[in-house]
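# Remarks on the overall topology
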Amino acid sequence: MSILRAALAASAALVVSAPSFADPIRQTTNNWRDAFRQLEDEDWPTPTRERRATGAPGSDYWQQQVDYRIDIALDETTKILTGSATVTYTNNAPDTLDYLWFLMDQNRFRADSIAVMTETVGGASRANARTGAAASVEGVSARTLQRAKALEERGHGFQVDAVTHADGSPLDYTIVDTLMRVDLPQALETGDSVTFTIDWDHVLIETGVVGGRSGWECFEDEYEGGDCIYQVAQWFPRAAAFTDYEGWHNKAFLGRGEFTLEFGDYTVAITVPQDFIVSSTGVLDNPDEVLTQTQRERLAQARISEEPIFIVTPQEARTNERRGTRSTATWMFSAENVRDFAWAASRKFIWDAVGVEQDGGEEAPDLVMAMSFYPNEAEPMWSAWSTRAVEHTIDVYNEFSFPYPYPTAQSVSGPQGGMEYPMITFNGASYGRPVIGEEGELTYSLRAKRGLIGVIIHEIGHIYFPMVVNSDERQWTWMDEGLNTFLQFEAERRWGKDFPVRRGDPELIASYMVSTNQVPIMTQSDSIPQFGNNAYGKPATALVVLRETVLGRELFDRAFREYAQRWRFKRPTPYDFFRTMEESSGVDLDWFWRGWFYSTDHVDIAITSVTEGVVNTENPEIENPLERAGHAERHQSLTQTRNIEEGIAFYQDENPEVRDFYSDNDQFTVTKRQREEYERLLDGDLPAHEAAALDYDGYVYFVNLENQGGVVMPVILKFTFSDGETEEVRIPVEIWRFNPEQAIWRYISDKQVVSVELDPHRETADADRTDNYYPPRMEPSRLEVYRDTSTPSSMMDDMDLRVERDGLRTLEQ
């Protein structure tokens, strides 16, 4: 039956046969909390002319423009980059600026940096490729020692040679850990620009030793010929963000919270050994100078091909890496409206490409070149899936947000595990390289395949978030990682029916949400333990729940798309996202943001009892026998039952003279007065709806629900009837508005219910499903029989000593 009928039937004020409940609602007058109170003026900032209450940019929204013209050269022998950047900074802020701040992120690898000096042992700072912190107080790994030695001896960090005004005069500058302040000769007024040049160099890090998001990786030559791959990022002084909500961004780079940057136009000249292939942000401006005629022809063919085309074949790459050269070549790239610039180079690169068509409209190209760069060590996996994954990502993300806005989208294999930049992504050695056997045979695992496809989807997806939707990664990691992981989940689900996912499905996050070592999603990036679950998994799952359970796909997709398009090439805050999702969907979601993003509560709703009721007909000939049977069932006496079973005679039956009226009539016997009252009821002026209610022969159920986890959520109930059929009821979250801890919900049915299941599709991230069934059910399990495979050992055994049975004399084995 429908919810509408249940509501109409409830208006008849039915009297049920079981008026009390085993678990009454608890009174919470002293600690009651309003799970639905508004976040406006409490946790959210007041709307301004820059950022409206609707979640849209305001009429006075502004952001800075920073353009670069850079010359950079790589010395592959010393691993040193030497560069000169001419910067044009345009002040669009309503503030006058006396100085400019720049990000000097390579300085975090200095031995005296805040990042290195504050590394701790164990816990949330466990060793990983990006923080490099030691993992245990019980010892120190060889890698930890190697890294510490490299940081101490290799002289990492920016070496600034000069900062010079356009007129040739030197500018004063001050370096503060990973930031540099450039003092201007005169104040920069609103609408004005200043141009100056920064000259610098720095030693590239060896990623496998030091960690980080860029660097170099060299190969042994046993199978493929050796040589190195260079992935270059955070390689030049990048303008720090100056925003309406923070002013100057001045949070030091500690290795985890990523970047907050300004958009600009770039012209970059990259000088590398002549036989290198370069992948880069932007468009190659001098292909005639650095590519062969054959390579240019293959690129043209790839633009119209249905399948990826090799620009540099595996055999050509293998031959190239064995040659080497002392000559150099300069690759010229230009990029418009990007917030960063990165590149990769190697003589090992295989290069394939394909054109991806899209409806770009007026603000995006109609054709995007999807390209991959990788060594022979990555074959055959990369040529099979890398560029295909790029293509698939563009198709799915376009549907959820906006057309891909740049002319290229590139996936590069190298030392970095996974990192994104405008038009280029680094997808590292731990993804998609087959295992080499003792005799050179190759194998790869399902996990390696899934990892390769998944990381490419994720990193290419980052070109949308945050490379275009320019959120503040240092403050709110979840705004790019969480939103992007959500879209990665959607793209992975569309890759193949049974493609395995790591994050997104609600049941995958439940165990994290009940863990003790966690903080709210809204925590600043550098202070987050369990980083992957907090910044990636939980917000991605929240959006899946919001789409599938709370809003529905139509409302969610429209609102999410509006957010993406509103903030395309602009800098949103969390509050812009929250407000846009509410404004566009027409649904108040403060309760959802509060529970999922501002708390460490979890989802755990329980069915504590279900009471079945039927309509009291008021007819004593029907009701009294039912009451007698119920009374007998509730007041069974084991002693009396066994007396009857043993045939013990009752005294009054053997002595009839003691029997009276009450010996044959109990309190449930129908009396004359009861019959008369029932007749008067039928003869009276009974309202039609009450008369109909007395004739109702269905069932009324009272489902007692308890919110044990703290996060209020919609309640999804599946009722199974005695005839085997089922009905699913989806109760809005407002069921908890009067009491966020407990609620009793009424359900009316013509058929008898035999069981009730809560969250039957596992869509709410309910952490404990054992209390989701009524009546409770046993959880099925298959038990593994463990066999003892250990071999007892002793010091004698370890020393290959044995004894004889006729004595304790030891013998060498």
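This structure is a prediction, so every number in the text was calculated from the model and none was measured. (Residues numbered from 1 in each chain as written. Predicted model: local features only at pLDDT ≥ 70, side-chain atom pairs only at ≥ 80, totals over all residues. Heavy atoms only, no water.)

Looking only at helices and strands, the protein has 22 helices and 34 strands in total. Burial status across the protein gives 52% buried among its 813 residues. Across the protein, contacts joining residues at least 24 apart in sequence account for 75% of those joining residues at least 6 apart. Counting every atom, the protein has about 38,300 Å² of accessible surface; 48% of that belongs to carbon and sulfur. (Helix = DSSP H or I, 4+ residues; strand = E, 2+ residues; numbered from the N terminus. Buried < 20%, exposed > 50% of the residue type's maximum accessible area, 1.4 Å probe, protein only. Contact = heavy atoms within 4.5 Å. Areas by Shrake-Rupley, 256 points an atom, 1.4 Å probe, with all protein chains shown as cover.)

Next up on the list: empty space enclosed by the protein. Under the counting rule described, the total for this entry stands at three cavities of 30 Å³ or more. When its volume is computed, the largest cavity comes out at roughly 50 Å³. Every residue lining the largest cavity is listed: Asp105, Gln106, Arg108, Phe109, Gly212, Arg213, Ser214, Gln234 and Phe253. By residue class, the composition of the lining of the largest cavity is two nonpolar, four polar and three charged. (1 Å grid on protein atoms, 1.4 Å probe; cavity = no way out; pocket = protein on both sides within 12 Å on 5 of 7 lines; lining within 4 Å. Points joined across faces, edges and corners; volume = space filled by probe spheres on them. Nonpolar A, V, L, I, M, F, W, Y, C, P; charged D, E, K, R; others polar.)

Here the focus is the packing of aromatic side chains. One pass over the structure, following the stated rule, counts 56 aromatic pairs. Ring plane angle 45 degrees and centroid distance 6.4 Å describe the contact between Trp200 and Trp235, whose orientation is recorded as tilted. Residue Trp200 is located in strand β7 (residues 193-203), and its partner Trp235 is located in the loop between β9 (227-232) and β10 (238-239); the two are separated by 35 residues in the primary sequence. No difference in accessibility class separates Trp200 from Trp235, as the two residues are buried. Where Tyr404 meets Tyr464, the ring centres are 5.7 Å apart and the plane angle is 65 degrees; that geometry is what we call edge-to-face. Here the residue Tyr404 occupies a position in the loop between α8 (381-400) and β21 (408-412), and Tyr464 occupies one in the loop between α9 (446-461) and α10 (478-493), the gap between them amounting to 60 residues. Tyr464 carries the same exposure label as Tyr404, and that label is buried. Of note, Lys79 hangs over the ring of Trp216, and the distance from its end group to the ring centre comes to 4.9 Å. Between Arg238 and the ring centre of Phe259, over which it is positioned, the NZ or CZ distance is 4.4 Å. (Phe/Tyr/Trp six-rings, centres within 6.5 Å; stacked < 30°, edge-to-face > 60°. Lys NZ or Arg CZ within 6 Å of the ring centre and 35° of its normal.)

Right, let's talk about the state of the cysteines for a bit. The full count for this structure, using the stated rule, is one disulfide. The disulfide bridge from Cys218 ends at Cys228, spanning 1.8 Å between sulfur atoms. Since a negative S-S torsion denotes a left-handed disulfide, the Cys218-Cys228 link at about 90 degrees is right-handed. With a gap of ten residues between them, Cys218 in strand β8 (residues 215-219) and Cys228 in strand β9 connect regions that are remote in the sequence. (Disulfide = S-S within 2.5 Å.)

With respect to topology, six strands assemble into an open sheet ordered β16-β19-β20-β21-β23-β22, the strand pairing being mixed. Lying at the two open borders of the sheet, with one neighbouring strand each, are β16 (309-312) and β22 (419-421). Ignoring which end each strand starts from, the neighbouring axes of this sheet average 20 degrees apart. Lying on the sheet, helix α7 (residues 314-321) is in contact with β16 and β19 (350-357); it crosses β16 at an angle near 15 degrees. α8 contacts β16, β19, β20 (367-374) and β21 of the sheet and is inclined by roughly 150 degrees relative to β20. (Pairing = 2+ DSSP bridges. Axes fitted to C-alpha atoms, helices over the stretch in contact; angles between N-to-C directions.)

Counting 190 residues, the largest nonpolar core has Trp235, Trp343, Phe577, Phe592, Trp593 and Trp596 as its most contacted members. The biggest single contributor to this core is α8, with nine residues. Those residues in contact with Phe577 that sit more than four places away from it in its chain are Trp478, Met479, Leu483, Leu543, Phe560, Tyr563 and Trp593. Judged by nonpolar contacts, the second largest core, of seven residues, contains Val116, Ala150, Leu151 and Val210. (Core = buried A, V, L, I, M, F, W, Y, C linked by side-chain atoms within 4.5 Å.)

Another point: the sheet that holds β8. Pairing is antiparallel in the open sheet, where four strands are placed in the order β8-β9-β18-β14. The sheet is open, and its two edges are formed by β8 and β14 (277-280), each paired on a single side. Taken over all neighbouring pairs, the strand axes of this sheet differ in orientation by 15 degrees on average, direction set aside.

According to the stated counting rule, one finds 47 salt bridges in the structure shown. Between Arg238 and Asp340 there is a salt bridge; the shortest N-O distance is 2.5 Å. Placement of the pair is Arg238 in strand β10 and Asp340 in the loop between β17 (328-338) and β18 (343-346), with a sequence separation of 102 residues. One exposure class covers both Arg238 and Asp340, and it is buried. For the salt bridge of Arg566 with Glu562, the shortest nitrogen-to-oxygen distance reads 3.1 Å. Taken together, the residues span about one helical turn, with Arg566 and Glu562 both in helix α13 (residues 553-566) at a distance of four residues. Judged by relative accessible area, which is 22%, Glu562 ranks as partly exposed. Each of the salt bridges in this network shares a partner with another, and the network as a whole consists of Glu490, Arg547, Glu548, Arg553 and Asp557. (Salt bridge = Lys/Arg side-chain N within 4 Å of Asp/Glu carboxyl O.)

Let's shift gears to α9. Given a rise of 1.5 Å per residue, 16 residues ought to cover 22 Å, and the 22 Å separating the end C-alpha atoms of α9 matches this to within 8%. Among the 16 residues that make up α9, 13 are buried, leaving the element largely enclosed by the rest of the structure. (Expected span 1.5 Å × (residues − 1).)

Here the focus is a negative patch on the surface. Side chains of Glu306, Glu307, Glu357, Asp359 and Asp366 sit close together on the surface and give a patch of like negative charge. Within the secondary structure, Glu357 is located in strand β19. (Patch = residues over 30% accessible without salt bridge, like charges linked within 9 Å, V, L, I, M, F, W, Y side chains within 5 Å. Lys, Arg positive; Asp, Glu negative; His and termini not counted. Charge placed at Lys NZ, Arg CZ, Asp CG, Glu CD.)

So, about the packing of α10 against α13. Running from N to C, α10 and α13 point in directions that differ by 135 degrees, and their axes come no closer than 14 Å. Here α10 is positioned oblique relative to α13, judged by the angle of their axes. The handedness of the crossing between α10 and α13 is left-handed. In this structure, α10 uses Met479, Leu483, Phe486 and Leu487 to contact α13, whose residues at the interface are Phe556, Phe560 and Tyr563. (Parallel < 35°, antiparallel > 145°, perpendicular 65-115°, else oblique. Left-handed = near helix turned anticlockwise from the far one by under 90°.)

This paragraph deals with unusual backbone geometry. Here the bond from Glu379 into Pro380 is cis, since omega is 10 degrees, no more than 30 degrees from zero. Residue Pro775 follows Tyr774 across a cis peptide bond; omega there is 0 degrees. Structurally, the position occupied by Pro775 is in the loop between β32 (773-774) and α22 (795-798). Its identity is not glycine, yet Lys79 carries a phi of approximately 60 degrees, on the positive side. By the secondary structure assignment, Lys79 is in the loop between β1 (65-75) and β2 (80-90). Of note in the backbone geometry, Met423 takes a positive phi value of approximately 70 degrees without being a glycine. You can see Met423 is positioned in the loop between β22 and β23 (424-426).

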